[in-house]
Amino acid sequence: MIFLKTEDEIELMRAANLLVASTLAEIAKNIREGVTTKQLDRLAEEYIRDHGAVPTFKGFPNPFGAPFPASICTSVNDEVVHGIPNDRPLKSGDIISVDCGAQLGGYNGDSCYTFCVGEVSGKVKLLLRTTKEALYRGIDAALAGRRIGDVGNAVQRHCEAKGLGVVKEFVGHGIGKEMHEDPPVPNYGKKGEGPLIENGLCIAIEPMITLGSPKIGMMPDKWTVKTLDGKYAAHFEHTVAVHHGKADILSSFEEIEKIEGILY
Ligand code: MG
Ligand code: MG
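Residues numbered from 1 in each chain as written. Chains lettered and ligands numbered in written order. Predicted model: local features only at pLDDT ≥ 70, side-chain atom pairs only at ≥ 80, totals over all residues. Heavy atoms only, no water.

### Looking at the overall build of the protein chain
Helices and strands together make up the secondary structure of the protein chain, namely 5 helices and 15 strands. Whereas a compact globule of 264 residues would reach a radius of gyration of roughly 18 Å, the protein chain reaches 17 Å, a difference of no more than 12%. With the C-alpha coordinates aligned to their principal axes, the bounding extent of the protein chain is approximately 45 × 45 × 40 Å. The proportion of buried residues among the 264 residues of the protein chain is 55%. Considering only contacts within the protein chain whose residues lie at least 6 apart along the sequence, 70% involve residues at least 24 apart. Carbon and sulfur atoms form 54% of the exposed surface of the protein chain, whose accessible area is close to 11,200 Å². (Helix = DSSP H or I, 4+ residues; strand = E, 2+ residues; numbered from the N terminus. Rg over C-alpha atoms; globule rule 2.2 N^0.38 Å. Buried < 20%, exposed > 50% of the residue type's maximum accessible area, 1.4 Å probe, protein only. Contact = heavy atoms within 4.5 Å. Areas by Shrake-Rupley, 256 points an atom, 1.4 Å probe, with all protein chains shown as cover.)

Below is the structure:
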């Protein structure tokens, strides 16, 4: 069942998502060679709690009965999603997707950004740029009166045109009082198919894109998802509210991009 949000609820969603955005910006300041993903996790949890919110991912259940042990997902290089923070230091040439969720005032924020550590190859830069562009293509397609398939179609076409792989097993989602609500928002699809997009719809759009084959496997920790061919994967996510006919981005990469020195 899809829960459309009122204007007031959308503002509560915005507050939660801006807190997620500033948490990711704190992480951006600390991404460097030698830092561990556990250190980043500690920083994120403290920042979220200091702002009166709860890190939604901590203790989040999965079908294998293994609650997620951390406040952020840190997926490095060939890890696609749901990487568990650990004590391995980041090194130059790594990429790291940091997915962050927080609940504030009863509503959820959810956003992810893939960072570079030091210098990465041109191919990896293409992967990151294209995945981020695909996110915005998807957002632009989320217009009232259109269908969820239009969003996935925009993401898929943009990535496949560059020869990149689109992960199909994990998808975006509705979001609100619960982190995961209806409808599912795949990163592939056909125009004009799927649930109707209406004003008040809040969704997380989150392309998960690979440099090689999109085939993935689950690691023995029952969370970390990796590419089977060992090639790098990127993940960018915004939470948006359809508002006055089009998608209003509730999360933000603005601070991160200032820190990275990127003008999108
Ligand atoms: Mg997320
Ligand atoms: Mg999400």
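### Focus: the sheet that holds strand β3 (residues 79-81)
With antiparallel pairing, 3 strands are arranged side by side in an open sheet as β3-β12-β11. Looking along the sheet, the strands with just one partner apiece sit at the ends: β3 and β11 (216-218). The average undirected angle you get between the axes of adjacent strands in this sheet is 40°. (Pairing = 2+ DSSP bridges. Axes fitted to C-alpha atoms, helices over the stretch in contact; angles between N-to-C directions.)

### Some words on the pairing of strand β4 (residues 95-104)
The side chains of a regular strand alternate, residue by residue, between the two faces of the sheet. By the criterion of burial, β4 is predominantly enclosed, with 8 of the 10 residues buried. As judged from the 2 bridges shared by strand β1 (residues 54-55) and β4, these two strands associate in the antiparallel manner. Note that in β4 the partner of P55 across the bridge is A102. Sheet topology places strand β2 (residues 72-76) next to β4; 5 bridges connect them, and they run antiparallel. Bridge pairing in β4 places C73 opposite D99. In textbook terms, the turn of a hairpin is the stretch between consecutive antiparallel strands, and for β4 and strand β5 (residues 107-116) this stretch comprises 2 residues, one of which, G105, has a positive phi near 60°.

### Re the environment of I10
Secondary-structure assignment places I10 in helix α1 (residues 7-30). With 182 residues separating them along the chain, I10 and G192 place their C-alpha atoms 26 Å apart. Ignoring anything within four residues of it in the chain, the contact list for I10 reads K5, G200, C202, A241, V242, H243 and L250.

### What to know about the packing of helix α3 (residues 122-141) against helix α4 (residues 148-160)
Packed helices, taken two at a time, are described by their axes: the angle between them and the distance between them. At a minimum axis distance of 8 Å, the contact between α3 and α4 shows a crossing angle of 155°. In terms of orientation, α3 lies roughly antiparallel with respect to α4. Here α3 runs over α4; the crossing is right-handed. Of α4, the residues touching α3 (which contributes T130, E133, A134, R137, G138 and A141) are D150, V151, A154, V155, H158 and C159. The class makeup of the residues in the contact of α3 with α4 is 6 nonpolar, 3 polar and 3 charged. (Parallel < 35°, antiparallel > 145°, perpendicular 65-115°, else oblique. Left-handed = near helix turned anticlockwise from the far one by under 90°. Nonpolar A, V, L, I, M, F, W, Y, C, P; charged D, E, K, R; others polar.)

### Comments concerning the coordination of the magnesium ion (ligand 2)
Distances from the magnesium ion (ligand 2) to its protein donors, D110 (OD), H173 (NE2), E206 (OE) and E237 (OE), fall at 2.1 to 2.3 Å. Mapping the donors of the magnesium ion (ligand 2) onto the primary sequence yields the spacing D-x62-H-x32-E-x30-E. Taken as a pair, the magnesium ion (ligand 2) and the magnesium ion (ligand 1) show a spacing of 3.1 Å, with D110 coordinating each metal. One end of the pair, D110, is in strand β5; the other, E206, is in the loop between β9 (202-205) and β10 (208-210), and 96 residues separate them in sequence. (Donors = N, O, S within 2.8 Å, 3.2 Å for Na, K, Ca; no water.)

### Overview of the side chain of E79
Tracing the sequence through the fold places E79 in strand β3. Not counting residues up to four positions away in its chain, the partners in contact with E79 are T74, R88, T224, V225, K226 and A233.

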